[in-house]
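Reading the structure
What follows is each chain in one-letter form.
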Amino acid sequence: MDHDYIEQFDLVDQYLMGRLASEESARFEEHFVDCPQCLDRLKTTGNFIHDLKLLTAQEAIQSDEGVPKGPSWSSSFQPFRSKPLALAASFLLLVTIAGALLMTSQIRRLRSEVNEAKSASAEWERRYEEERSSASLSDQKREEAERSFAEQLRTLEARLAKGDEPKTQPAPGAGAEGPTSVESGTDLPIHSLHAVRGGGESGGGMTNEIALPGSPSGFGITIPLEGDVKYKNYRVTIFSNNRVIWKKNDSKPNRYNSLSMVFNSALFRPGNFLLTVEGVTEDGGSVPVGNYPFRITRDTGNKLSP
Amino acid sequence: MSVVRVTNETDLAELVRRVAAGDSHAEEEVVRRYRQGISIIVNRIVQTHSVHEDICQETFRIALEKMRREEIREPERISGFICGIARNLAVDYARKQRKQTNQEEIGKAEQIPDPTPDPFEQLLQKERTRAIRQVISELKVKRDREVIYRYFIAEEDKDQICADLGLPRDQFNRVIFRALKRYKELYIKMTGDS
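Let me begin by describing the structure that accompanies this report. (Residues numbered from 1 in each chain as written. Chains lettered and ligands numbered in written order. Predicted model: local features only at pLDDT ≥ 70, side-chain atom pairs only at ≥ 80, totals over all residues.)

**Comments concerning the interface of chain B and chain A**
- Contacts between the two partners involve 29 residues from chain B, matched on the other side by 26 residues from chain A.
- Going through the elements one at a time, α2 (24-45), α4 (78-101), α5 (119-138), α6 (142-153) and α8 (169-191) of chain B are the ones with two or more residues in the side of chain B that touches chain A.
- Looking at which element gives the most residues to the side of chain B that touches chain A, the answer is α2 of chain B, with seven residues. (Contact = placed C-beta atoms within 7 Å. Helix = DSSP H or I, 4+ residues; strand = E, 2+ residues; numbered from the N terminus.)

Written out as structure tokens, the structure is:
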């Protein structure tokens, strides 16, 4: 161990402050015990530290006892010079820490609640979006089907207007008035209904018959209105066992004064139904136009009996 | 009869051999040579004045006994041997004290100063306090006083103090050196001890 090393690492100060590891401390002791230069420095520094601490302690005691002995040399470097100040500072520190802990706890709880609410809201939003997109898809499909059926109807009506009558198949027992069930060039069967006066669902013996295939498919119903066009809109309602199963408030008559509708056969089970037509007045009221009872059968081909 | 001074390891071995041969001057040289160092070592562990003196004396008694009986294995390393005896005695005493008072840790034991310093010591201490006060008052720059306070009283790390005060290390060393130098001057003037 040489003096350069001792100077570089402040071994004298470190030793006196008890900061050296025991091994290095022993090595330094073995050196300085026989080194007048180091002994001198150790002695001077040791006494200096001792006296400095003693002076500081004396001044602190005098300050605590309130003895006015002039300003303490170390007072401006000490965080708290007197006991009451230290106690007050400790109390303030404790209050601050307790407050901080309480606030942290509250903030954590609130954060947790906000997160839960956010997650619930996100879940609802997700469900809403799913249902909205599902409904939108459903609407799209329905509109497409309606457009398709309307197109088929228009085609058929155009052909009828040109005198190109589609093939008809009279139902067994059908009168000579002509066919009431038509089949267009497309796959969509169209059935024409005739009004029956005072007819209920049973039709009082006079009813229209619609035979539907066993598997679900689309079919059209056309209702020739009697006389001139009286109303812009008609309300069409279908009853089954006196219960409304379908309704449309804004059916518009075509240029042949007929109302046309397209249904999915799955809507109807075999049995008796009553279709009523009412004219919708300007003031929103309704005027009965006619009753059209019909019977649904399965697997008997397209036929209609007046 | 004159006290023999030795300067290197060979001489140290010769000193040990002479003690073993019964040379009383050599024994005096051993005590004179190591007294101050042993006092510092013991004082770092035990600060009670009377106990401190006892431990120093016991250290030399044991060391000289070993030398006389030629029980020193490495005579050229007699310095380390004596330091070891002093340290062990002081630590042993501190350990016993700690057991009794159950308060201090090894190396810091027995911090309680002697309760009854004699009048001479009291006077000396007063003079020393005056000297240190003067040293401090001569430090006109507040930053220099802060350096002294934080380094020696608060025992903060030197690098940390330098960083906090924006002080280069050599300037820090100069502040400490000047304070110690001035203190030493006043101390020598006061005690006449060089």
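From this point on, the discussion continues.
**Focus: helix α3 (residues 49-68) of chain B**
Residue and element names in this part refer to chain B.
- Under the 1.5 Å per step criterion, the end-to-end length of α3 is 29 Å for 20 residues, consistent within 8% with the ideal 28 Å.
- Burial in α3 covers these residues: I55, C56, T59, A63 and M67. In a view along the axis of α3, the buried residues occupy a sector of 105°, so they form one face of it. The exposed residues of α3 that point more than 90 degrees off its buried face are S50, Q57, R61 and E65.
- Phi turns positive one or two residues past the end of α3, at E70, with a value near 60°. (Expected span 1.5 Å × (residues − 1). Buried ≥ 20, exposed ≤ 12 C-beta atoms within 10 Å, placed from the backbone. Arc of directions from axis to C-beta.)

**Focus on the packing of α6 of chain B against α8 of chain B**
Residues and elements named next belong to chain B.
- At their nearest, the axes of α6 and α8 sit 10 Å apart, and the two run at 85° to each other. With respect to their mutual orientation, α6 and α8 come out roughly perpendicular. The residues of α8 that touch α6, namely those facing D144, V147, I148 and Y151, are F172, V175, I176 and A179.
- Residues that form the contact of α6 with α8 fall into these classes: seven nonpolar, no polar and one charged. (Axes fitted to C-alpha atoms, helices over the stretch in contact; angles between N-to-C directions. Parallel < 35°, antiparallel > 145°, perpendicular 65-115°, else oblique. Nonpolar A, V, L, I, M, F, W, Y, C, P; charged D, E, K, R; others polar.)

**Topic: unusual backbone geometry**
Residues and elements named next belong to chain A.
- The phi dihedral of N242 is positive, around 65°, even though this residue is not glycine.
- Looking at the element boundaries, N242 is found in the loop between β5 (233-240) and β6 (243-251).
- Since 8 C-beta atoms lie within 10 Å of it, N242 is described here as exposed.
- One non-glycine residue, N257, lies in the positive phi region at around 60°.
- Among the structural elements, N257 can be located in the loop between β6 and β7 (258-264).
- Given 14 C-beta atoms within 10 Å, N257 falls into the partly exposed group.

**Remarks on the sheet that holds β6 of chain A**
Residues and elements named next belong to chain A.
- Spatially, five strands are ordered β3-β9-β8-β5-β6 in an open sheet, and the strand pairing comes out mixed. Of all strands in the sheet, those with a lone pairing partner are β3 (208-212) and β6, marking the two edges. Neighbour to neighbour, the strand axes of the sheet diverge by 25° on average, direction disregarded.
- The pairing of β3 with strand β9 (residues 286-298) spans five bridges and is classified as parallel. Paired with I210 across the bridge in β9 is I296. (Pairing = 2+ DSSP bridges.)

**Here we look at the nonpolar core**
- Formed by 36 residues in total, the largest nonpolar core has its most connected members in I38, V42, I55, I82, A86 and A90 of chain B.
- Elements represented by at least two residues in this core include exactly α2 (11-16), α3 (22-32) and α4 (36-65) of chain A together with α1 (9-20), α2, α3 and α4 of chain B.
- Excluding residues that lie within four positions of it along the chain, I82 of chain B makes contacts with V33 of chain A together with Y34, I38, T59 and A63 of chain B.
- F149, L188, I223 and F273 of chain A belong to the second-largest nonpolar core, a separate cluster that totals 27 residues. (Core = buried A, V, L, I, M, F, W, Y, C linked by C-beta atoms within 7 Å.)

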